[in-house]
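# Structural features, examined
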Amino acid sequence: MEIQTNRLDRGFYAHQREFEEAALRVLRSGWYIMGKELSSFEEEFASYIGARYCVGLGNGLDALWLAFRILGIGKGDEVIVQGNTYIASVMGITINGATPVFVEPDEYFNIDADRIEEKITDKTKAVLVVHLYGQASRMDKIVDICKRHGLRLVEDCAQSHGSRFKGRVTGTFGDIGCFSFYPSKNIGAFGDGGAIVTDDEEIAKEMRIYRNYGSEKRYYNKVVGTNSRLDEIQAALLKVRLSHAKELNGEKQNIAEKYDKNIDNPHIILPRVREGADHIYHQYVIRCRERDKLMAYLKDRGISTIIHYPIPPHLSQAYEYLGLKKGDLPVTEACADEVLSIPMFNGMTAEETDYTIEVINGFRP
Ligand SMILES: *Cc1c(COP(=O)(O)O)cnc(C)c1O
């Protein structure tokens, strides 16, 4: 049996008729950018998350850097972020000239809230929380730290659409929640897409200006903005995906439950879920000291896996200029050496999960 880590076609065929109708409706409408599909998606997504405003954007990275730009965070400022994240989180900070200050993760792969305060200096302006792999971070503690130190809070929700901490949806805890609708995300488009959510009317207004060349009124440009618009076709397709959000996250949670119950191998550590936190399993990430051997063993038996992420941002060439070296973030680096994302996608069959479990249980390094 051949099993890929993700199968995007399955998600399409599960609601094929609805997707095709939505795409055709836009194609036939003659209106392709900044129209009714976008505004209705923004309303529906804001309501799904429980925020007052949503602004659709071109992708998740734009959501991040525009968030910091609008909050006025740039050169000379520091932003606290976990070391083990996708590099886009860090670029959202550095595109504006601000400096990322890395904090080690906890056992749930999220920022270790107990280690944030030791990194706060008089230059610290914000914390960027990443709800990595779909699990909500320890938001009660993090919100409290930000309040006490007068810091802005931005959430990278690119992997946590609809995931909650103590009943409250991620993206609503801070000043701005940033989302990506990259096709593989839990709510994915069929191309690039992104959005921010916020309760602050002024931030929403600024974001609408920035995404459209800095102009509110055509040809009157207030700031040097950018071109980052969620197009009508993507917005229409995302509305279909959003209407099935509960079922899509639920399906992944069921696969995770099956993995949790049935993967049994002393060489493998299964993902843990924090008390009070939801996990929507954007990825199901196991740990193994013999990770590379495990990966090759699975590959030989037809099972593809992916490492999220093999090189932590502080060791990537792009961030050489920060002057960090191997050994500076040992917990983060151990994650990079040991994590493995196993197949987890909408439309994964029982035969596929059973086979994956059986093969993993047979691994001996
Ligand atoms: C996918 C992702 C992003 C970037 O989103 P794009 O839409 O690809 O720009 C940012 N942060 C995290 C954690 C992500 O997983």
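Here the structure is a predicted model, which means the values were calculated and not measured.

Criteria and cut-off values
- All residue numbers here refer to positions counted from 1 along the written sequence of the relevant chain.
- It should be noted that, the model being predicted, local features are given only for residues of pLDDT at least 70 and side-chain atom pairs only at 80 or more, the latter also being counted only at that level, while totals for whole chains, interfaces and linings use all residues.
- The side-chain figures draw on all heavy atoms in the structure; neither hydrogens nor water molecules are used.
- For two strands to pair, DSSP has to find at least two bridges joining them.
- Each helix is a run of H or I in the DSSP string that is no shorter than four residues. Each strand is a run of E no shorter than two, and both are numbered from the N terminus.
- Axis angles are defined between N-to-C directions and span 0 to 180 degrees, where every axis is a line fitted to C-alpha atoms and, for a helix, only to the segment in contact.
- By the convention used here, residues are in contact when the closest approach between their heavy atoms is within 4.5 Å.
- With a 1 Å grid spanning the protein atoms alone, the term cavity applies to any set of points in which a 1.4 Å probe fits but cannot get out, the term pocket to an open set with protein on both sides within 12 Å along at least five of seven lines, and the term lining residue to any residue with an atom within 4 Å of a point.
- Grid points are joined across faces, edges and corners, and a volume is the space filled by probe spheres set on the points.
- An automatic or database domain assignment supplies the start and end points of every domain.
- Put simply, two rings from Phe, Tyr or Trp (the six-membered ring, in Trp's case) pair if the centres are within 6.5 Å, and we call them stacked under 30 degrees between planes, edge-to-face over 60, tilted for the rest.
- For every residue, the accessible area (1.4 Å probe, protein chains only) is compared with the maximum for its type, and the residue is labelled buried under 20%, exposed over 50%, or partly exposed between those bounds.
- Arc definition: it is the arc formed by the directions from the helix axis to the C-beta atoms.
- Here the quantity called buried area is the total loss of accessible area, with a 1.4 Å probe, experienced by two parts when brought into contact, counted for both.
- The term salt bridge refers to a side-chain nitrogen of Lys or Arg lying within 4 Å of a carboxyl oxygen of Asp or Glu.
- Residues adjacent in sequence count toward polar contacts only when both atoms are side-chain atoms; beyond that, a polar contact is any pair of N or O atoms within 3.5 Å, and within protein one must be able to donate a hydrogen and the other to accept it.
- Any residue with a non-hydrogen atom lying within 4 Å of a molecule or strand is treated as near it.
- Residue exposure ignores everything except the shown protein chains as possible cover, and the areas themselves are Shrake-Rupley values with a 1.4 Å probe.
- Think of it this way: a molecule belongs to a cavity or pocket when more than half its atoms come within 2 Å of the grid points there.
- When residue character is reported, Ala, Val, Leu, Ile, Met, Phe, Trp, Tyr, Cys and Pro are called nonpolar, Asp, Glu, Lys and Arg charged, and the others, Gly included, polar.

### Some details on the sheet that holds strand S3 (residues 99-103)
Within the open sheet, the seven strands sit side by side as S1-S9-S8-S5-S4-S2-S3. Their pairing is mixed. Two strands bound the open sheet, and with one partner strand each, they are strand S1 (53-57) and S3. With direction set aside, neighbouring strand axes in the sheet form an average angle of 25°. Pairing of strand S2 (residues 78-82) with strand S4 (residues 124-130), which is carried by four bridges, proceeds in the parallel orientation. Bridging across to S4, glutamate 78 finds its partner in threonine 124. In the packing of helix H4 (residues 60-70) onto the sheet, contacts are made with S1, S2, S4, strand S5 (152-156), strand S8 (176-180) and strand S9 (194-198), and the angle to S8 comes to roughly 160°. On top of the sheet, helix H6 (residues 139-149) reaches S4 and S5; it is set at about 145° to S5, its chief contact.

### Structural notes on empty space enclosed by the protein
Taken as a whole and judged by the stated rule, the model has two cavities of 30 Å³ or more. Estimates place the volume of the largest cavity at around 150 Å³. The wall of the largest cavity is formed by 15 residues, among which Leu8, Pro183, Lys185, Arg241 and Asn346 lie closest to the centre. Among the secondary structure elements, those contributing two or more residues to the lining of the largest cavity are helix H1 (8-14) and helix H9 (245-262). Each of domain 1 (8-243) and domain 2 (245-361) contributes no fewer than three residues to the lining of the largest cavity.

### A closer look at the packing of aromatic side chains
A complete count under the given rule lists 16 aromatic pairs for this structure. Taking the centre distance of 6.5 Å and the plane angle of 65° together, the rings of phenylalanine 165 and phenylalanine 173 count as edge-to-face. Neither residue differs from the other here; phenylalanine 165 and phenylalanine 173 are each classed as buried. Following the ring pairs from residue to residue traces out a cluster consisting of Phe41, Phe45, Tyr48, Phe179 and Phe181.

### Remarks on helix H10 (residues 291-300)
Along H10, the residues that are buried comprise Arg291, Leu294, Tyr297 and Leu298. The arc that holds every buried residue of H10, seen down its axis, measures 125°, which confines them to one face. Across from the buried face of H10, at angles greater than 90 degrees, the exposed residues are Asp292, Lys299 and Asp300. Contacts from the buried residues of H10 go to strand S12 (284-287), helix H11 (330-338), strand S13 (339-342) and helix H12 (350-361). Glycine 302 lies just past H10 and shows a positive phi near 90°.

### Focus: the domain arrangement of the protein
Taken as a whole, the protein is organised into domain 1 (8-243) and domain 2 (245-361). Contact with domain 1, which involves 45 residues of that partner, is made by 41 residues of domain 2. If you sort the residues of domain 1 by the area they bury against domain 2, Arg10, Tyr133 and Asn186 come out on top, with a joint share of 22%. Linking domain 1 with domain 2 are three salt bridges, by the criterion used here. Arginine 274 serves as the salt-bridge partner of aspartate 106, at 2.8 Å between the closest nitrogen and oxygen. Viewed at the interface, domain 2 and domain 1 are joined by 27 residue pairs in polar contact (both at pLDDT 80 or more).

### So, the site of the ligand
Contacts to the ligand come from 14 residues, most closely from Gly60, Asp156, Gln159, Ser180 and Lys185. One of the side-chain N or O atoms of aspartate 156 is found 2.8 Å from a nitrogen atom in the ligand. Out of a free accessible area of 390 Å², the ligand has 92% covered by protein chains. When atoms are counted within 2 Å of each cavity's grid points, the one that captures over half of the ligand is the largest pocket. Contributing elements (two or more residues each) for the shell around the ligand: H4 and helix H5 (87-94). No other element matches the three residues that H4 contributes to the shell around the ligand. When grouped by side-chain class, the residues that make up the shell around the ligand number six nonpolar, six polar and two charged.

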